[in-house]
Amino acid sequence: FLASISPYADPVTTANPDTDFYEVTANASATVTVEVTARNLVPPTKLDPVVEVVDNSNARFTTCREGGDGSTTGAVNGVNGNADPTPLAFDDNCINDDIELGFNRDSKLEFLVPGSGPVTFFVRVLDWRGDARPDFLYDITISGAN
């Protein structure tokens, strides 16, 4: 669905950032895919979306697979721009800035839901550039959830 980023500064290092959270429930062992793409507007959006999967205490999960193309040169590990050495394993921190190196308008995670029974978690969307505004529009797609 279409959304707009919450206003104000959103870098990961900012204390108490203003961000968008989505509450999601999925069954344990399910793979949930979360993809965020900034809308291509005229003039071009400056939104550089980051997606993160956290629990109810805001702790980041570590059972994600980066959303790159499955190669060690295309899968971007987290937000630091390094190639993921194990692109097919669910062993990454659940935060992603870019699907492809050098393309700043998208982010994607595949999340392996831990635990047993239905699990509630939160998808967090923020602006890596730190100047989120309500006119920064993005599409968010969540699949594999209940």
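The structure we're discussing is the one just above.
Residue positions are counted from 1 within each chain, in the order its sequence is given. Selection of residues for local features in this predicted model requires a pLDDT of at least 70, selection of side-chain atom pairs for listing and counting requires 80 or more, and totals for whole chains, interfaces and linings are taken over all residues. Computation of side-chain values covers all heavy atoms of the structure but excludes hydrogens and water.

In this section: the packing of aromatic side chains. Here the aromatic set is Phe, Tyr and Trp, taking the six-membered ring for Trp, and pairing holds for ring centres within 6.5 Å; pairs whose planes are under 30 degrees apart are stacked, those over 60 apart are edge-to-face, and all others are tilted. Here the structure, examined in full by the defined rule, presents three aromatic pairs. Residues F1 and Y22 carry aromatic rings whose centres are separated by 5.5 Å and whose planes lie at 70° to one another, so their mutual orientation is edge-to-face. Here the residue F1 occupies a position in the segment before β1 (2-4), and Y22 occupies one in strand β2 (residues 20-27), the gap between them amounting to 21 residues. Using a 1.4 Å probe on the protein chains alone, a residue whose accessible area is under 20% of its type maximum counts as buried, one over 50% counts as exposed, and one in between counts as partly exposed. On the accessibility criterion, F1 (56% relative accessible area) is exposed. Judged by its relative accessible area of 15%, Y22 falls in the buried class. Strands here mean DSSP runs of E at least two residues long; helices mean DSSP runs of H or I at least four residues long; both are numbered from the N terminus.

The next subject is the sheet that holds strand β5 (residues 64-66). The criterion for strand pairing is that DSSP finds at least two bridges linking the strands in question. Pairing is antiparallel in the open sheet, where five strands are placed in the order β1-β11-β3-β9-β5. What marks the edges here is a single partner per strand, and that holds for β1 and β5. Going from strand to strand, the sheet's axes swing by 25° on average, the running direction of each strand aside. Angular values range over 0 to 180 degrees, each being the angle between N-to-C directions of two axes fitted as lines to C-alpha atoms, with helices fitted over their stretch in contact.

A few words now on the environment of T25. Looking at the secondary structure, you find T25 in strand β2. Owing to a relative accessible area of 28%, T25 belongs among the partly exposed residues under this scheme. Sequence-wise, T25 and V119 are 94 residues apart; in three dimensions their C-alpha atoms are separated by 5.4 Å. In contact with T25, not counting residues within four places along its chain, are P118, V119, T120, F121, A145 and N146. Engagement of the side chain of T25 in a polar contact is seen with the side chain of T120, the distance being 3.2 Å. We call two residues in contact whenever any of their non-hydrogen atoms come within 4.5 Å of each other. Two N or O atoms count as a polar contact when they lie within 3.5 Å, although within protein this holds only if one can serve as hydrogen donor and the other as acceptor, and sequence-adjacent residues are included solely when both atoms are side-chain atoms.

Note: most peptide bonds trans; most residues except glycine with negative phi. Within the chain, S29 stands out as a residue other than glycine whose phi angle is a positive 75°. Looking at where S29 falls in the secondary structure, it is placed in the loop between β2 and β3 (31-38). What makes S29 exposed here is its relative accessible area of 59%. Even without being glycine, N58 reaches a positive phi, approximately 70°.

It is worth stressing that arrangement in space is one thing and function is another; only the former is reported here.
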